[in-house]
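Report on the structure
Okay, here's what each chain looks like letter by letter:
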Amino acid sequence: MSEDRRLEERLKGFLVSVEPTGVWEAIENRAKKEETPPGEGLPASREAPEERPAIRVTAVAREAPAQKRPRSLRLAAYACVAMVLVAGAAVGTLEAVEHLGKGPDILVIGDDTAGISPGSTGQGAQTTSPTQPVTTAGTAGEAPEAGQGAVSREVKATLQQWLEANNAGDINTLWALYAENAMVDDFVASPPTRTEGRAHVVGMIAYWAREGLAFTASGEPVRFGDYVAQAVIITGDGVPMGEAVHVFELDMDGKIAHHWVTGEIRAD
Amino acid sequence: MGLAVTYRFGNAVLGPGSVTSLRDWPATESRVREHVHYACPEDVFQHEYVRLVRALAIVAGDKETAADAVQEAFVCLVRGWDRLSTYEDPVGWVRRVALNKIRQHQRSLSRQARLLLKIGQEPSLPVELRSSDPELWERLRTLPPKQRTAVALHYMGDLTAREVAHVMHVSEGTVDQHLHRALRALREALEAER
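One structure accompanies this document, and this report is about it.

What counts as what
Residues numbered from 1 in each chain as written. Chains lettered and ligands numbered in written order. Predicted model: local features only at pLDDT ≥ 70, side-chain atom pairs only at ≥ 80, totals over all residues. Heavy atoms only, no water. Helix = DSSP H or I, 4+ residues; strand = E, 2+ residues; numbered from the N terminus. Buried < 20%, exposed > 50% of the residue type's maximum accessible area, 1.4 Å probe, protein only. Contact = heavy atoms within 4.5 Å. Areas by Shrake-Rupley, 256 points an atom, 1.4 Å probe, with all protein chains shown as cover. Lys, Arg positive; Asp, Glu negative; His and termini not counted. Salt bridge = Lys/Arg side-chain N within 4 Å of Asp/Glu carboxyl O. Arc of directions from axis to C-beta. Core = buried A, V, L, I, M, F, W, Y, C linked by side-chain atoms within 4.5 Å. Domains from an automatic or database assignment. Axes fitted to C-alpha atoms, helices over the stretch in contact; angles between N-to-C directions. Parallel < 35°, antiparallel > 145°, perpendicular 65-115°, else oblique. Left-handed = near helix turned anticlockwise from the far one by under 90°. Nonpolar A, V, L, I, M, F, W, Y, C, P; charged D, E, K, R; others polar. Buried area = accessible area lost by both parts, 1.4 Å probe. Polar contact = N/O pair within 3.5 Å; in protein donor to acceptor, adjacent residues only side chain to side chain. Pairing = 2+ DSSP bridges. Phe/Tyr/Trp six-rings, centres within 6.5 Å; stacked < 30°, edge-to-face > 60°.

From N to C terminus, chain B includes nine helices and two strands. When its helices and strands are written in sequence order, chain B yields β-β-α-α-α-α-α-α-α-α-α. The proportion of buried residues among the 194 residues of chain B is 49%. Here the contacts in chain B between residues at least 6 apart in sequence split such that 58% fall between residues at least 24 apart. For chain B, the exposed area adds up to about 10,000 Å²; of that, 50% sits on carbon and sulfur atoms.

Turning our attention to the side chain of D186 of chain A. Residues and elements named next belong to chain A. On the secondary structure map, D186 appears in strand β2 (residues 178–186). Lacking a salt bridge, the buried D186 has R194 as its closest oppositely charged neighbour, with an N-O distance of 11 Å. For D186, the residues in contact, after removing those within four places along its chain, are P192, T193, W208 and V261.

Regarding helix α6 (residues 134–141) of chain B, the residues found buried are L136, W137 and L140 of chain B. Down the axis of α6 of chain B, the sector holding all buried residues measures 100°, keeping them to one side.

What follows concerns the nonpolar core. Formed by 62 residues in total, the largest nonpolar core has its most connected members in L11 of chain A together with Y49, L56, F74 and L140 of chain B. The biggest single contributor to this core is helix α2 (residues 41–60) of chain B, with eleven residues. Looking at this core, you find at least three residues from each of domain 2 (40–131) and domain 3 (133–194) of chain B. Setting aside residues up to four positions removed in sequence, F74 of chain B forms contacts with W24 and I27 of chain A together with P41, V44, F45, E48, Y49 and V94 of chain B. Within the second largest apolar cluster, 27 residues are counted, among which are A182, V184, V202 and V261 of chain A.

With that settled, consider unusual backbone geometry. Residues and elements named next belong to chain B. The phi angle at D158 is positive, at roughly 55°, despite the residue not being glycine. Tracing the sequence through the fold places D158 in the loop between α7 (145–156) and α8 (161–168). According to the relative accessible area criterion, D158 is partly exposed, its value standing at 45%.

Where helix α2 (residues 23–34) of chain A meets helix α3 (residues 63–79) of chain B, the axes come as close as 9 Å, and the angle between the chain directions of the two elements is 55°. One way to sum up the angle between α2 of chain A and α3 of chain B is to call them oblique. For the pair α2 of chain A and α3 of chain B, the crossing hand works out as right-handed. Mapping the contact onto sequence places V23, W24, I27, R30, A31 and E34 of chain A in α2 of chain A and Q71, E72, F74, V75, V78 and R79 of chain B in α3 of chain B. Of the residues assigned to the contact of α2 of chain A with α3 of chain B, the class counts are seven nonpolar, one polar and four charged.

Moving on, we come to the interface of chain B and chain A. In this complex, chain B contributes 53 residues to the contact, which on the side of chain A involves 42 residues. In this assembly, chain B packs against chain A so that about 4,600 Å² is buried in total across both faces, 64% of it on carbon and sulfur atoms. Between E135 of chain B and R10 of chain A there is a salt bridge, with its nearest N and O atoms 3.5 Å apart. Counting every contact that joins chain B to chain A gives three residue pairs in polar contact (both at pLDDT 80 or more). Counting only elements with at least two residues in the side of chain B that touches chain A, the list comes to α2, α3, α4 (81–84), α5 (90–118), α6, α7 and α9 (172–193) of chain B. In the side of chain B that touches chain A, the residues fall into 28 nonpolar, seven polar and 18 charged.

In this section: the pairing of strand β7 (residues 239–250) of chain A. A regular strand places its side chains on the two faces of the sheet in alternate fashion. Residues and elements named next belong to chain A. Relative to β7, strand β6 (residues 227–236) runs antiparallel, the two sharing nine bridges. Within β7, the position partnered with I233 by the bridge is E243. Bridge count between β7 and strand β8 (residues 256–265): nine bridges; the pairing is antiparallel. Across the sheet, residue A244 finds its bridge partner in β8, namely G263.

Here the focus is the side chain of R96 of chain B. Residue and element names in this part refer to chain B. Considering the arrangement of structural elements, one finds R96 in helix α5. Despite being buried, R96 has no salt bridge partner; D89 is the closest side chain of opposite charge, sitting 7.7 Å away. Here the side chain of R96 touches H169 through a polar contact of 3.2 Å, side chain to side chain.

Looking now at the packing of helix α5 (residues 153–168) of chain A against helix α7 (residues 198–210) of chain A. Residue and element names in this part refer to chain A. Viewed as axis vectors pointing N to C, α5 and α7 meet at an angle of 65°, and their least axial separation amounts to 7 Å. Contacts from W162, N166, N167 and A168 in α5 reach I205, W208 and A209 in α7. Split into classes, the residues belonging to the contact of α5 with α7 amount to five nonpolar, two polar and no charged.

Moving on, we get to the packing of aromatic side chains. Scanning the entire structure with this criterion turns up eight aromatic pairs over all chains. Between W162 of chain A and F215 of chain A, the aromatic rings sit 6.0 Å apart at their centres with planes inclined by 10°, giving stacked as the arrangement. With a gap of 53 residues between them, W162 of chain A in helix α5 and F215 of chain A in strand β4 (residues 213–217) connect regions that are remote in the sequence. Here the aromatic rings of W162 of chain A and F248 of chain A are separated by 5.2 Å at their centres, their planes lie at 70°, and the arrangement is edge-to-face. Taken together, the positions of W162 of chain A in helix α5 and F248 of chain A in strand β7 put the pair 86 residues apart, joining distant regions of the chain. A single burial state applies to W162 of chain A and to F248 of chain A, both of which are buried. A connected cluster of aromatic rings, assembled from ring pairs, spans W24 of chain A together with F45, Y49 and F74 of chain B.

Scope: geometric values only; no functional claims are made or implied.
Printed below as a string of structure tokens:
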């Protein structure tokens, strides 16, 4: 027996035992379950029964390219996708820069602060501070600083408090951390959303926590002129799902006046 | 003179074909396998499930992941059967989907491990296939992924080089090269240990 033949025989020794009994039935059941009837799970206004077969075909086609598709066509398709992605990234970056500057309208969730009052959250009466954006990411009364670098201990403590309160959905602490007319621009959401007013902001963050979303700091926070940035790992029910960057602008009282979130959640 | 052949896989029957001599039989078998028409997805399952799980267990490193990937591929096959049954080779499609699922799973694991390392946590290692031949297994698992896939599909999955090429989306020549290099690397590693 040749050396190669012996090696092949040894490789055959890795064959595992596979028990197919009952597997086919399970596959059929799963296929039936995943086959959502037209309109089910969608509001009536969004029902589009005639479009569903087309959607299913697309989903299946993504699993494996259709057979006998010429290589040049595939390459052209990849090139198109790449161009669209690059264009999308460029537009997204421009939009983000524009928002940092003046904050044009995106999708305003609301500005009515009647939803959650300090009383209802167990918090004492809040003395509302004027939320004039300051030119520093430092503590209250700190002189404006230019440039970038490490953040002060106070700001670090605020960020740590924010992370903990965010992950726990701790409404009281979050209420104390945000300025009364705080804004959150969330670019992870699709479409991007702007949430205005402390009550709505706190409500939204509490919703993240209820959904099991949490953030873990990834590295030290950094100051960029007037802003503080903190990179985080996003976890869903404890499983890492993606990365994000939170950018905060603090007011003169050290409260968060404006907060941007950008990043990516990769659902697997 | 040609020899009439009828080939049967489960409930699927291929009409008579011909081989010129018995020596041609293995080649004809693979041709027949590629062009057999399946009446329903269950026929494909009966024919392909066990050997695909066996082969992909080597690629994935554990049997459970391989079984999950193959089952998911079959779910897709059942759901898209009306369209997929018109394909020239629906079995090849299932193999490719299953292999893609395993690659996705491996990418997801490595991404998770990277993220866990970033926040200072130790990622847990996946459970590896237990083997009665640990020496060879160690060598096999350190082969480049493409070589390992080619070896698994060809030797454990009993696929021809042409079928492996179709699954891996490369040419037959490339598969031969992967197999040749993989066997040489395994042989050399094992000889060096002696």
